[in-house]
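Descriptive structure summary
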Amino acid sequence: MSNKISASERMAIERAEMHELPADVRNKNFEEVNLGLDSEQALSEARRCLQCKKRDCVAGCPVGVSIPEFIDAVASEDMPRAAQILRGDNALPAVCGRVCPQETQCEALCVRGLKGEAVAIGYLERFVADWAMNHPDQLLREEAPFSTGKSVAVVGCGPAGLTAAGELARQGHKVTIFEALHDTGGVLRYGIPEFRLPKEIIDREVSVLLELGVTIECNVIIGKTLTVAELSEDFDAVFIANGAGLPTMLNIPGENLKGVYAANEFLTRVNLMEAGRREDCSTPIIKRSEVAVIGGGNTAMDCVRTARRLGAERAMIVYRRGEAEMPARVEEIKHAKEEGVEFIMLTAPLAILGTEDGWVSGLQCQRMELGPPDDSGRRRPQPIEGSEFVLPAGVVINAVGTNANPLLTATAPDLTLNKWGNIVINEEGETSIPGVFAGGDIVRGGATVILAMGDGKRAAAAINEYLSRKEG
Amino acid sequence: MFEVLSNEILAENLHKMVVSAPRIARARKAGQFVMVRLAQGEERIPLTIGDADAAAGTITLFIQAIGASTRKIVDTPVGGFIRDVAGPLGKETHITNWGRVACVGGGVGTAVLFPLVKALAEAGNQITTIIGGRSSRYIILADELTPLSENFLVTTEDGSMGTKGFVTQPLSEMLADPERAPRAVFAVGPVPMMRAVAELTRPYGIETIVSLNPIMIDGTGMCGGCRVQIGKETKFACVDGPEFDAHLVDFVGLSDRLTSYRKEEAARHAATECKLGREEAK
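Residues numbered from 1 in each chain as written. Chains lettered and ligands numbered in written order. Predicted model: local features only at pLDDT ≥ 70, side-chain atom pairs only at ≥ 80, totals over all residues. Heavy atoms only, no water.

Residues and elements named next belong to chain A. Scanning all chains against the criterion turns up 47 salt bridges over all chains. Note that R48 and E45 form a salt bridge whose closest N and O atoms lie 2.8 Å from each other. Across this residue pair, the class does not change: R48 and E45 are buried. Between R469 and E465 there is a salt bridge, with its nearest N and O atoms 4.0 Å apart. Of this pair, R469 and E465 both sit in helix α18 (residues 449-471), four residues apart, roughly one helical turn. Taking the relative accessible area as the measure of exposure, E465 reaches 45% and is therefore partly exposed. (Salt bridge = Lys/Arg side-chain N within 4 Å of Asp/Glu carboxyl O. Buried < 20%, exposed > 50% of the residue type's maximum accessible area, 1.4 Å probe, protein only. Helix = DSSP H or I, 4+ residues; strand = E, 2+ residues; numbered from the N terminus.)

Structural data, given as structure tokens:
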């Protein structure tokens, strides 16, 4: 190890603080909020890592990044090696460094967190990934893998599909990704806003895969344009990662009023179609000064922060439990608050109210209190009698979740599904059809980018294994 | 990229475009649609697949160029390209041999109706086709529909072609005549027309199918923008439709949701008009 500093010296260093755009600037534009660490901060942060033998942080990472090793390379100021280690374990490091909930994964298990603050693994990951993007000439060249002559079809160009494609291409398989939309990235592009994950990052991560020889075909809807059976015939293996589907409706009166959006529609208009972000955009979006977002997850935070940027004076989160029960990342909640988002907690929507001509005018709500824990272990919200009130709003966004997408599964009768319509897989990630694997939200229901990536990585290993068996 | 192989003007603001899309041509069934995005930065627009030739690898689109985006699409010359065409989406039409059926088309809806008539004819149905428009200039596909139909009727509001009046007149006469009453009715056109047809057939309990065209973004069931109320249920036109039982459709809600972006569309329309005006002035 070249960075010879003592444990006590390491312990004495304080956790780096992320540079951010000021809240009153960023809540009016779509520029990235987190600006990244500078080199000095990164070096200092890397030296905070004790390089402990237990490596608990790695166990906390769904894709098993060699965290102490890449951090050691940063501490040794050997950025090409840091980039090589990171890229070897994670197909989308610049994405993960931005959107992973590190505080509940790797950093939650960091030994330094027992007494003080965990090493900022996420910040360092982003620092290394961004360095790699900006210094392509200094990267250690990846050796072109020996072609196995096997081909794999990947359904969906989101985090699970991209990860699997990268892993499989590195193992020498010919990979073709089929994407239903007109652009790459799946939820990374249509779901996650520019201010959390700039689209340029997705483009650059995707270009790395293209350089590895991955083919991406957009505008191909598996289940419609082609079927899984056709893919099974044309390819040696198939990985299905077509993501989440239909929005879950609130099933309250007024849901079809003008100005009521499902989160996916609102975000797709703004993120994928650029509504409200470009003056001359051809896709419209309804802007109002009062916007109520129903839900407490990261998607709800993305919606409410987007609404704020589109000009809402009151951008509100309406959530039936308390702040402590919100599934959103702590950082998203913090950023939203700084940007002027209002949090209306312990409040459940009863009905969406409308004007005579069919536009949303408000949300009829009811106050809640927390009772004993439910199946999820969170305290169950219970209505408080007589606490109904009306929250004025011109736009209401439903961010409570999604159901399984039926497009692919409807034309693949041999795929075993669970009662919610999600694809059932075994421990290896294989479905009921031999040679067809699945992962991400079509298996899990709604989950996170990194869990989808973990599925992609695991499935790729299983597919590789399957293909080598098939050979014999 | 999808090459435009032909581009004809059928009527005012109505184009018939043949586009190379081999996979879609092979997979497509009557009643399905594609999502079309002309170029980077443009809107995604749902368009019914009017016809397809699997051997030639082509699909036919009938496009009513009334919005800024559709006008740009029909401006694509032969040999030009459409960047994105995705499909076939939606459920295929349930085609069976009912015996006697009526197919009713209004305006550009006639283009959506055409593949249904073709499939119904292939299944051996005796078809009465009734198409209507404001005037003879808006009557399309008459030559294509005539040979597929046992009876082919035209109505125009100004009487410039066929019977003067609306499509509902000949239909109500048919319904009242036990000798001619259809076993099923297919209606595609403006929302008020489809609603009127639904109300006509309701008392007779005749199965009536309409094809809806609500606002859509992705067309793959992700965004929920195309939701329509069908009886007590909320359905998504892109995955559950676009065809529904007319007697269950909430037409009032559908037409209201269709006006969500009227203001923005008008502004964009005006903006492109101005630009065109300036270009011509140069």
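Where strands meet in a sheet, backbone hydrogen bonds hold them as pairs that are either parallel or antiparallel. Residue and element names in this part refer to chain A. Strand order in this open sheet of five strands is β8-β16-β9-β10-β11, and the pairing throughout is parallel. Every interior strand has two partners, whereas the edge strands, β8 (260-262) and β11 (342-344), have only one. Strand-to-strand twist across the sheet, computed as the mean angle between neighbouring axes with direction ignored, equals 20 degrees. Pairing of β8 with strand β16 (residues 395-398) involves three bridges; the strand directions are parallel. Counted as the bridge partner of Y261 is I397 from β16. Sitting on the sheet, helix α13 (residues 263-272) touches β8 and β16, and the angle it makes with β8 is about 85 degrees. (Pairing = 2+ DSSP bridges. Axes fitted to C-alpha atoms, helices over the stretch in contact; angles between N-to-C directions. Contact = heavy atoms within 4.5 Å.)

For the rest of this paragraph, the subject is the interface of chain B and chain A. The interface is formed by 42 residues belonging to chain B together with 40 residues belonging to chain A. A combined buried area of about 3400 Å² lies between chain B and chain A, and 55% of that area is made up of carbon and sulfur atoms. Taken together, the links from chain B to chain A amount to two salt bridges. The salt bridge involving B:D256 is made with A:K258; its shortest N-O contact spans 2.9 Å. For the pair chain B and chain A, the interface holds 21 residue pairs in polar contact (both at pLDDT 80 or more). For the side of chain B that touches chain A, the element with the most residues is strand β7 (residues 84-89) of chain B, which contributes six residues. Residues that form the side of chain B that touches chain A fall into these classes: 14 nonpolar, 13 polar and 15 charged. (Buried area = accessible area lost by both parts, 1.4 Å probe. Polar contact = N/O pair within 3.5 Å; in protein donor to acceptor, adjacent residues only side chain to side chain. Nonpolar A, V, L, I, M, F, W, Y, C, P; charged D, E, K, R; others polar.)

A separate point is the state of the cysteines. Applying the stated rule across the entire model yields zero disulfides over all chains. The thiol sulfur of A:C218 is not disulfide-bonded, and the nearest other cysteine sulfur, from A:C157, lies at 6.4 Å. Free of any disulfide, B:C223 has its nearest cysteine sulfur in B:C226, 6.3 Å distant. Judged by its relative accessible area of 3%, B:C223 falls in the buried class. (Disulfide = S-S within 2.5 Å.)

With an omega dihedral of 0 degrees, the bond running from B:G87 to B:P88 counts as a cis peptide bond. Looking at where B:P88 falls in the secondary structure, it is placed in strand β7. Of note, the bond from B:G241 into B:P242 is cis; its omega dihedral lies within 30 degrees of zero at 10 degrees. Take B:P242: it is sitting in the loop between α7 (237-240) and β16 (243-245). The backbone of A:N251 sits at a positive phi, close to 55 degrees, despite the residue not being glycine. Among the structural elements, A:N251 can be located in the loop between β7 (244-247) and β8. The exposure class assigned to A:N251 is exposed, which follows from its relative accessible area of 66%. Of note, the phi angle at B:L141 is positive, near 60 degrees, even though the residue is not glycine. Its location among the elements puts B:L141 in the loop between β9 (126-133) and α4 (142-145).

This brings us to the sheet that holds strand β12 (residues 184-188) of chain B. All names here are of chain B. The mixed open sheet is built from seven strands, whose spatial order is β11-β10-β9-β8-β12-β13-β16. Two strands bound the open sheet, and with one partner strand each, they are β11 (163-164) and β16. Here five bridges tie strand β8 (residues 100-106) to β12, and the two strands are oriented parallel to one another. Its bridge partner being in β12, A102 is matched across the sheet by V185. The sheet strands contacting helix α3 (residues 109-122) are β8, β9, β12, β13 (207-211) and β16, and the helix crosses β8 at an angle near 160 degrees.

What the rule picks out here adds up to seven cavities of 30 Å³ or more. Of the volumes computed, that of the largest cavity is approximately 150 Å³. Lining the largest cavity are 19 residues, and of these B:I215, B:G225, B:R257, B:S260 and B:Y261 lie nearest its centre. Where the lining of the largest cavity is concerned, the elements lending two or more residues are β8 and α13 of chain A together with β14 (227-230) and α8 (251-257) of chain B. Classifying every residue of the lining of the largest cavity gives eleven nonpolar, three polar and five charged. Of the volumes computed, that of the second largest cavity is approximately 100 Å³. As for the second largest cavity, its lining consists of 15 residues, and the residues nearest its centre are A:C61, A:V65, A:C100, A:C106 and A:E125. At the level of secondary structure, the elements contributing two or more residues to the lining of the second largest cavity comprise α5 (67-75) and α8 (121-134) of chain A. (1 Å grid on protein atoms, 1.4 Å probe; cavity = no way out; pocket = protein on both sides within 12 Å on 5 of 7 lines; lining within 4 Å. Points joined across faces, edges and corners; volume = space filled by probe spheres on them.)

Core analysis: the largest hydrophobic core is formed by 77 residues, its most contacted members being A:I67, A:F70, A:I71, A:L124, A:L188 and A:F239. Excluding residues that lie within four positions of it along the chain, A:I67 makes contacts with A:C57, A:V58, A:C61, A:C106 and A:I121. Of all hydrophobic cores here, the second largest spans 38 residues; its members include A:I221, B:I206, B:A237 and B:V249. (Core = buried A, V, L, I, M, F, W, Y, C linked by side-chain atoms within 4.5 Å.)

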